[in-house]
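Spelled out, the chains give:
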Amino acid sequence: MKKLLILVLLFGTLQFVNTKPSVAQDRVAKAPEQKLGEGPYTQLIIRGVTLIDGTGAPPIGPVDIEVKGNRITKIQTVGYPGVAINAEGRPKLEANGKELNCEGMYLMPGFVDMHGHIGGSQAPFAEYVFKLWMAHGITTIREPSAGNGLDWVLDQKQKSAKNVIVAPRIHAYTAFGMGSKEKIVTAEQARAWVNENKAKGADGIKFFGASPVVMDAALRENKRLGLRSACHHAQMDVARWNVVKSAEAGLTSMEHWYGLPEALFTNQTIQDYPLDYNYQNEQHRFENAGGLWKQAAAPYSEKWNQVMNQLLKLDFTLDPTFNIYEASRDLHKARRAEWHEEYTLPQLWTYFQPNKRAHGSYWFNWGTEQEVEWKKNYQLWMTFVNEYKNRGGRVTTGSDSGFIFQTYGFAYVRELELLRECGFHPLEIIRSATLYGAQALGVEQDLGSVEVGKLADLVIIDQNPLANLQVLYGTGAVKLSDDNKVERVGGVKYTVKDGIVYDAKKLLADVKKIVADEKAKTGFVLKQPGME
Ligand SMILES: [Zn+2]
């Protein structure tokens, strides 16, 4: 059931969620209580960094940053590049204060992963997922569906807030209908569930689609209550309820891309499904999705502009999760990513393999034809997302890891790279990953940029991430040294959350051990599909 539920979360329909309310809450082990980071300090001075503050401002340095407790209290420019820093005029270390010498390093706000499922049967340890996120600088996540149960997520959220577990800050968006004893079919039932969800302490709702009467009532009530929402517009309901309808009823963010091409149809009203199509056939589902954008209104056409401008007017957030579909256009790249050997759990690897019974494992016969179609699909999708950003729209970064050969943390960095491919400047990408994420969650007063008064959630790395986003991968980037040696550079050095400094490489070492221990239990050896 848990496996089914998780699958439903990514690809599914509302029926499961409504008719099978019981959730196996013991499938994913909660993170152990442990204190790995150092701090918070009465005074922490991070010295000599080049600051990328998340607002869109260019890098500046050297800068000293002072943190007291969990708040940023001072940001001071202390010199010029290429010349020694004059010690005069730098923030002074107080008794019991701590200095972190980060000269030559880059410092950014903590990253926000807007689409972070905390494991499932394919990743049954929250510690594994949390540490991969934290090791990649992700200090805030939105849990889109509360897949392990709302109480489970709220427990981890509270423990993260108290820093008794190593985990990002958590925003819990319950799958719509979860826990309901009956299928929600009326507006009254929808409103009642939405009120109950708020009373239970959820931060929002994740929708997958429903009848227009239910979607309309639930979205309006949720908005009236001041909560936020996300929606994966699944194919089973999208013909009667698309992204524009959701946005007009009060949805705050759309996930993935489904429901957007459908809002852009001018020559048809339904996706051009082949006549032998079956939604339960994963290859049908994903193969035909690859031809969807070309059925929508052409970029910059009247309809395309009209839909985009309507979404902009509603201050609507796009959370594209480009990475989670990347295997559709380049299966080999996703499948052979170098981090799988040491960082992908055996359960996760097994889950990724082709299987008619597993959602998202749709490569029954996936080759050149499907990949080329998907490459073209991406071009049209990316054109929309980039122009949405250019017209002032908010685009955020969500990974949706745990499916389709995408491993937690690593996949988030890939998402940043795919925004670069869209046409975003790296500074626009960092803003999407930080300030825009915080805005979309409604926490920009405290998070999302490096500014005095905000909480100290920071990412520190000894390479320039703007020059090559790949340095953010836990496995680093490849670089040839001046004396012709192949080296690995980068990987986040420190992740600071709530004023606590974590050694990101140490977190990765912990993850490596979790994976190695799991393999040792069963003698698991990672092999490519179909290889003996
Ligand atoms: Zn998802």
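See the structure printed just above.
Residues numbered from 1 in each chain as written. Predicted model: local features only at pLDDT ≥ 70, side-chain atom pairs only at ≥ 80, totals over all residues. Heavy atoms only, no water.

**Focus on the overall build of the chain**
(1) Moving on: Counting its regular elements, the chain contains 20 helices and 18 strands.
(2) Moving on: A compact globule built from 532 residues should have a C-alpha radius of gyration of about 24 Å, and the chain, at 23 Å, falls within 12% of that.
(3) Moving on: The burial tally for the chain puts 62% of its 532 residues in the buried class.
(4) Moving on: The long-range fraction of contacts in the chain, counting pairs at least 24 apart against all pairs at least 6 apart in sequence, stands at 76%.
(5) Moving on: In the chain, 62 side chains carry a positive charge and 60 a negative one; their mean positions are 3 Å apart. (Helix = DSSP H or I, 4+ residues; strand = E, 2+ residues; numbered from the N terminus. Rg over C-alpha atoms; globule rule 2.2 N^0.38 Å. Buried < 20%, exposed > 50% of the residue type's maximum accessible area, 1.4 Å probe, protein only. Contact = heavy atoms within 4.5 Å. Lys, Arg positive; Asp, Glu negative; His and termini not counted. Charge placed at Lys NZ, Arg CZ, Asp CG, Glu CD.)

**Comments concerning the coordination of the zinc ion**
(1) Moving on: Bound to the zinc ion on the protein side are His115 (NE2), His117 (NE2) and Asp400 (OD), at distances that span 2.0 to 2.5 Å.
(2) Moving on: Between consecutive donors of the zinc ion, the numbers of intervening residues give the motif H-x1-H-x282-D. Taken together, the residues His115 in the loop between strand S6 (111–113) and helix H3 (126–135) and Asp400 in the loop between strand S13 (394–395) and helix H17 (410–422) connect sequence positions 285 residues apart.
(3) Moving on: Here His115 falls in the buried class, since its relative accessible area comes to 0%. (Donors = N, O, S within 2.8 Å, 3.2 Å for Na, K, Ca; no water.)

**So, a nonpolar patch on the surface**
(1) Moving on: Together, Val478, Leu480 and Val486 make up an exposed nonpolar region whose accessible area comes to about 320 Å².
(2) Moving on: Along the chain, Val486 falls in strand S16 (residues 486–489). (Patch = residues over 30% accessible without salt bridge, like charges linked within 9 Å, V, L, I, M, F, W, Y side chains within 5 Å. Areas by Shrake-Rupley, 256 points an atom, 1.4 Å probe, with all protein chains shown as cover. Salt bridge = Lys/Arg side-chain N within 4 Å of Asp/Glu carboxyl O.)

**Observations regarding the packing of aromatic side chains**
We describe a pair of aromatic rings using the distance from one ring centre to the other and the angle between the two ring planes.
(1) Moving on: Applying the stated criterion across every chain, the model contains 33 aromatic pairs.
(2) Moving on: A centroid spacing of 5.2 Å and a plane angle of 45° characterise the contact between Tyr343 and Phe410, whose relative ring orientation is tilted. Highlighted residues: Tyr343 in helix H14 (residues 340–343) and Phe410 in helix H17, separated in sequence by 67 residues. The burial state of Tyr343 is the same as that of Phe410; both residues are buried. (Phe/Tyr/Trp six-rings, centres within 6.5 Å; stacked < 30°, edge-to-face > 60°.)

**What about the pattern of salt bridges?**
(1) Moving on: Within this structure, the stated rule accounts for 36 salt bridges.
(2) Moving on: As a salt-bridge pair, Asp64 and Arg90 come within 2.8 Å of each other at their nearest N and O atoms. In this pair, Asp64 is assigned in strand S2 (residues 60–69) and Arg90 in the loop between strand S3 (71–77) and strand S4 (98–101), connecting sequence segments 26 residues apart.
(3) Moving on: Given a relative accessible area of 0%, Asp64 falls into the buried group.
(4) Moving on: Put simply, Asp446 and Arg71 hold a salt bridge, and the shortest N to O gap is 2.7 Å. Of this pair, Asp446 sits in the loop between helix H19 (435–441) and strand S14 (458–461) while Arg71 is found in strand S3, placing the two residues 375 residues apart along the sequence.
(5) Moving on: Here Asp446 falls in the partly exposed class, since its relative accessible area comes to 29%.

**With respect to the environment of Met308**
(1) Moving on: Structurally, Met308 can be placed in helix H11 (residues 302–313).
(2) Moving on: Judged by relative accessible area, Met308 falls into the buried class, the value being 0%.
(3) Moving on: Residues Met308 and Val413, spaced 105 residues apart in sequence, show a C-alpha to C-alpha distance of 27 Å.
(4) Moving on: Those residues in contact with Met308 that lie beyond four places of it in its chain are Phe384, Glu387, Tyr388 and Arg391.

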